[in-house]
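Observations on the model geometry
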Amino acid sequence: MPRTSTIPFGPQHPSFLEPLHLRVRLEEEKVAGVDLSLGYNHRGIEYAMEKDWKRNFFLSERVCGICSFHHSTTYAQALEMVTGVQPTERARLLRTVLLEVQRVTSHTLALGHIAEAMGYENLFMHFFREREEYMRIANEISGNRVHYCMNWLGGVRRDISPEAAREVSRRMEASLPRLRDLADVVRKDSTWLKRTKGVGSLSKAQAEDWAVVGPVARASGISYDVRLTGNAAYSLDGIKFKPIWREEGDSWARCMVRMDETLQSVEVCLQALSLLKEGPVASPFKGNPSGEGFSRNEAPRGELMYWVKANGTAGLDRVQVRTPAFVNIPPLGEMLQGEQFANVPVIVVSVDPCICCTDR
Amino acid sequence: MSRRSRSRPRSPWILHFDTGSCNGCDLEVWALLTPRYDVERFGIVNKANPKHADILLITGPVTKKCEARLRALYDQTPAPKLVVACGNCASTGAPFQDAYNHCHGVDSVIPVDVYVPGCACRPEALIDAVVLAIEKWRSLDQGWTEREKEKGPELGHEVRP
Ligand code: SF4
């Protein structure tokens, strides 16, 4: 009979950035079952969001510091649906640029984090060096590194000068060869392949069952991307975009989807910057919103939804947030089943669990 | 000056714990360890083990569920220890002032030595904070035995596991 043991992971653990608690039941070296415990990060933001619709542009960014601009953009789009205010063309493109810059920082963080979880310090440093470059680009455009504080109803709050736009494009182009080098490492490096190939698989049927979204779904053969549809679709602004997806469904496929999306995001940024035309960055709006609105966006981890109910006063009746990590974390139990214990951190990090999004 | 207090500030090991932050400040803590800011050249190493740590970098407003964990981490860290509250929400809980499930800052749970402003705090500010903490360390050389007795305020509510 195999010997069994239970090993706790977290809430404070070297390979997790965030407080997440896993109880891993082992049979010898194999994982027999996993219990998840969440809620360490629950602050009660949805309740706080009912106080003031104007403050929410900044509060919604504080839901998550990795995809902050995605949160505030989705909130702004939901309010735009409530009020009927249309964002200007320049604002839409500036939003696209910042969304994609943030996607690059998020994906390079996720990949670096996986490298760190498997003990590949060198690669971790390489990914973070590239990430830092994009943090600085975000700083150049918005004046902030993490929370851009750029969104407002009907547009954005700051404009970018033509020189700054040119400088940003130049730096993005200069970073592309370095990112391609890193993509080669993810694709071919033997250490990386040994730790990720065939590890933590999620088949297409399982992925559909668990309704996963974002890179996790696209790595399991579901080519679903919100950037193609809806009123925030990139094609409406004339940006060419095709979702990236793979069929393997293992940790490596998830890494590859993220890596290819990073390169694609840089290209989308460059397209959006070249399409920028002179014009106002925000449409005017006076008064308080009233009614219901709903919006979706493709955050780095998948589909992000906001539902807003406004009542014509400074407060809101309800803001409901559905974050991508919320649906991506539960299938972990299935992915970890029967895996080696040493692979647990890599698999957990490969779905890119964002606890502060999930718990809010 | 004892040998311990002379050598330890040369290479302070840090422990980072997220008590319900938005990840903004956590990533700036991580940015410290990476090539651009690279605090390892000052001997600062991120150790995820409280038993090895000298300086605790705490982010987040301390959610109710994390409160007992933070206290346990603080108690497990051996005595010459300093606490840095990183970011506005660790200092006062300000960004989440209307939310209901947190303790309004790290100092309501454990004693804090250095507060870092900013939402998110810049990596430069964090380096500055660690330097300030080391200076405080030197000046506290004699007072450590008193400090060891220092405990945080009492828990305001029942702790459920
Ligand atoms: S201070 Fe701001 S950026 Fe830092 S953890 Fe708190 S909310 Fe996030």
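Residues numbered from 1 in each chain as written. Chains lettered and ligands numbered in written order. Predicted model: local features only at pLDDT ≥ 70, side-chain atom pairs only at ≥ 80, totals over all residues. Heavy atoms only, no water.

1. What to know about the overall build of chain B
For clarity, the cut-off: Think of it this way: any DSSP run of H or I at least four residues long counts as a helix, any run of E at least two long counts as a strand, and we number them from the N terminus. Burial status follows relative accessibility: with a 1.4 Å probe on protein chains alone, a residue under 20% of its type maximum counts as buried, one over 50% as exposed, and anything between as partly exposed. Contacts between residues were defined by any pair of non-hydrogen atoms, one from each residue, lying within 4.5 Å. Surface accessibility in these figures is a Shrake-Rupley result with a 1.4 Å probe; residues are shielded only by whichever protein chains are displayed.
For chain B, the count of helices and strands is six helices and five strands. Order of helices (α) and strands (β) in chain B, N terminus to C terminus: α-β-α-β-β-α-β-α-β-α-α. Every one of the 161 residues in chain B was classed for burial, and the buried ones make up 55%. For chain B, restricting intrachain contacts to residue pairs at least 6 apart in sequence, the fraction spanning at least 24 positions comes to 82%. Surface accessibility of chain B: about 7,000 Å² in total, with carbon and sulfur atoms responsible for 50%.

2. What about helix 5 (residues 123-139) of chain B?
Residues and elements named next belong to chain B. How we decide: For a helix, the expected span equals 1.5 Å multiplied by the residue count minus one. Here, the arc refers to the directions that run from the helix axis to the C-beta atoms.
Its 17 residues give helix 5 an end-to-end C-alpha distance of 25 Å, which sits within 8% of 24 Å, the value for a rise of 1.5 Å per residue. What helix 5 keeps buried is the set Pro123, Leu126, Ile127, Ala129, Val130, Ala133, Ile134 and Trp137. Viewed end-on, helix 5 has its buried residues packed into an arc of 160 degrees, placing them on one side of the element.

3. Topic: the confidence of the model for chain B
Segments scoring low in pLDDT should not have their predicted coordinates read at a detailed level. This is how it is decided: What pLDDT reports is the predictor's confidence in each residue, on a scale of 0 through 100.
The share of residues in chain B with pLDDT of 70 or more is 80%, and the mean pLDDT across the chain is 77. Note on residues 154-161 of chain B: pLDDT is under 50 here. Beyond four places in sequence and across chains, it has nine contacts.

4. Some points on the sheet that holds strand 2 (residues 45-46) of chain B
Residue and element names in this part refer to chain B. Heads up, the condition is: Whether two strands pair depends on DSSP finding at least two bridges between them.
One open sheet holds the five strands; their spatial order is 2-1-3-4-5, and the pairing between them is parallel. Two strands bound the open sheet, and with one partner strand each, they are strand 2 and strand 5 (114-116). As paired strands, strand 1 (residues 13-18) and strand 2 are joined by two bridges and run parallel to one another. Bridge pairing links Trp13 to Val45 in strand 2.

5. Topic: the interface of chain A and chain B
So the rule is basically this: As a working definition, buried area equals the accessible area (1.4 Å probe) given up by two parts on being put together, with both sides summed. By salt bridge we mean one thing: a side-chain nitrogen of Lys or Arg within 4 Å of a carboxyl oxygen of Asp or Glu.
In this assembly, 45 residues from chain A lie in contact with 40 residues from chain B. Together, the buried faces of chain A and chain B total about 3,400 Å²; carbon and sulfur atoms form 61% of this surface. A per-residue breakdown of the area chain A buries against chain B is headed by Gln12, Leu17 and Arg43 of chain A, which together make up 22% of the total. For Arg55 of chain A, the salt bridge is made with Asp98 of chain B, and the minimal N-O distance between the two is 2.3 Å.

6. Quick word on the nonpolar core
Here is the rule: Throughout this description, the term nonpolar core refers to a set of buried Ala, Val, Leu, Ile, Met, Phe, Trp, Tyr and Cys residues connected via side-chain atoms within 4.5 Å.
By size, the foremost hydrophobic cluster in this structure holds 115 residues, and its most contacted members are Val101, Met172, Trp192 and Tyr306 of chain A. The element contributing the most residues to this core is helix 4 (residues 89-117) of chain A, with 13 residues. Filtering out sequence-adjacent residues up to four positions away, Val101 of chain A remains in contact with Tyr134, Ile137, Ala138, Tyr148, Met172 and Cys269 of chain A. Counting 26 residues, the second-largest nonpolar core is a separate cluster that includes Met135 of chain A together with Leu32, Val84 and Ala129 of chain B.

7. Focus on the site of the ligand
Just so we agree on the cut-off: Nearness of a residue to a molecule or strand requires only that one of the residue's heavy atoms be within 4 Å of it. Think of a 1 Å grid over the protein atoms and nothing else: a 1.4 Å probe that fits but is trapped marks a cavity, an open set flanked by protein within 12 Å on at least five of seven lines marks a pocket, and residues with an atom within 4 Å of a point count as lining. To qualify as sitting in a cavity or pocket, a molecule needs more than half of its atoms within 2 Å of the grid points. The residue classification treats Ala, Val, Leu, Ile, Met, Phe, Trp, Tyr, Cys and Pro as nonpolar and Asp, Glu, Lys and Arg as charged. All others, Gly included, are polar.
Around the ligand sit 13 residues, and of these Cys22, Cys25, Asn88, Cys89 and Cys119 of chain B come closest. Neighbouring residues of the ligand are distributed over chains A and B. One can see that the ligand is located within the second largest cavity. The class makeup of the residues in the shell around the ligand is seven nonpolar, five polar and one charged.

8. So, empty space enclosed by the protein
Our working rule: Grid points are joined across faces, edges and corners, and a volume is the space filled by probe spheres set on the points.
A full pass over the atoms with the stated rule returns four cavities of 30 Å³ or more. Approximately 120 Å³ is the volume found for the largest cavity. Lining the largest cavity are 13 residues; nearest its centre among them are Leu17, Glu18, His113, Asp352 and Pro353 of chain A. Looking at side-chain class alone, the lining of the largest cavity contains eight nonpolar, two polar and three charged residues. Taken as a whole, the second largest cavity spans an internal volume of roughly 80 Å³. As for the second largest cavity, its lining consists of 14 residues, and the residues nearest its centre are Cys22, Cys25, Cys89, Pro95 and Cys119 of chain B. Looking at the lining of the second largest cavity residue by residue, the class counts come to six nonpolar, seven polar and one charged.

9. Considering the pattern of salt bridges
Residue and element names in this part refer to chain A. The tally for this structure, following the rule as stated, stands at 30 salt bridges over all chains. Of the charged contacts, one joins Arg187 and Asp260 as a salt bridge, the two residues approaching to 3.9 Å between their closest N and O atoms. Residue Arg187 is found in helix 6 (residues 162-188), and its partner Asp260 is found in helix 10 (residues 251-275); the two are separated by 73 residues along the sequence. Residue Asp260 is classed as buried on the basis of its relative accessible area of 18%. The residue Glu248 makes a salt bridge to Arg246 at a minimum N-O spacing of 3.4 Å. With a relative accessible area of 37%, Glu248 lands in the partly exposed category. Via salt bridges that share partners, Glu100, Arg103, Arg218, Asp225, Arg227, Glu261 and Glu298 belong to a single interconnected network.

10. A look at helix 3 (residues 68-83) of chain A
Residues three or four positions apart in an α-helix share a direction because the helix packs 3.6 residues into each turn. Residue and element names in this part refer to chain A. Given a rise of 1.5 Å per residue, 16 residues ought to cover 22 Å, and the 23 Å separating the end C-alpha atoms of helix 3 matches this to within 8%. Taking burial as the measure, the 16 residues of helix 3 include 14 buried ones, the bulk of the element. Note on helix 3: the residue one or two positions beyond its end, Gly84, has a positive phi of about 80 degrees.

11. Observations concerning the pairing of strand 3 (residues 30-37) of chain A
Residues and elements named next belong to chain A. Judged from the seven bridges that link them, strand 2 (residues 21-27) and strand 3 form a sheet pairing that is antiparallel. Pairing of Arg23 across the sheet is with Asp35, part of strand 3. The antiparallel pairing of strand 2 with strand 3 creates a hairpin that spans two residues between the two strands, and Glu28 there sits at a positive phi of about 55 degrees.

12. As for the sheet that holds strand 3 of chain A
All names here are of chain A. What counts is decided by this rule: A fitted line through C-alpha atoms represents every axis, and for helices the fit uses only the stretch in contact; the resulting angles, taken between N-to-C directions, go from 0 to 180 degrees.
Spatially, 1-2-3 is the arrangement adopted by the three strands of the open sheet, whose pairing is antiparallel. At either margin of the open sheet sits one strand with a lone partner, and together these are strand 1 (4-9) and strand 3. Ignoring strand direction, the axes of neighbouring strands in this sheet form an average angle of 20 degrees. As paired elements, strand 1 and strand 2 share six bridges and run antiparallel to each other. Bridged to Phe9 within strand 2 is Leu22.

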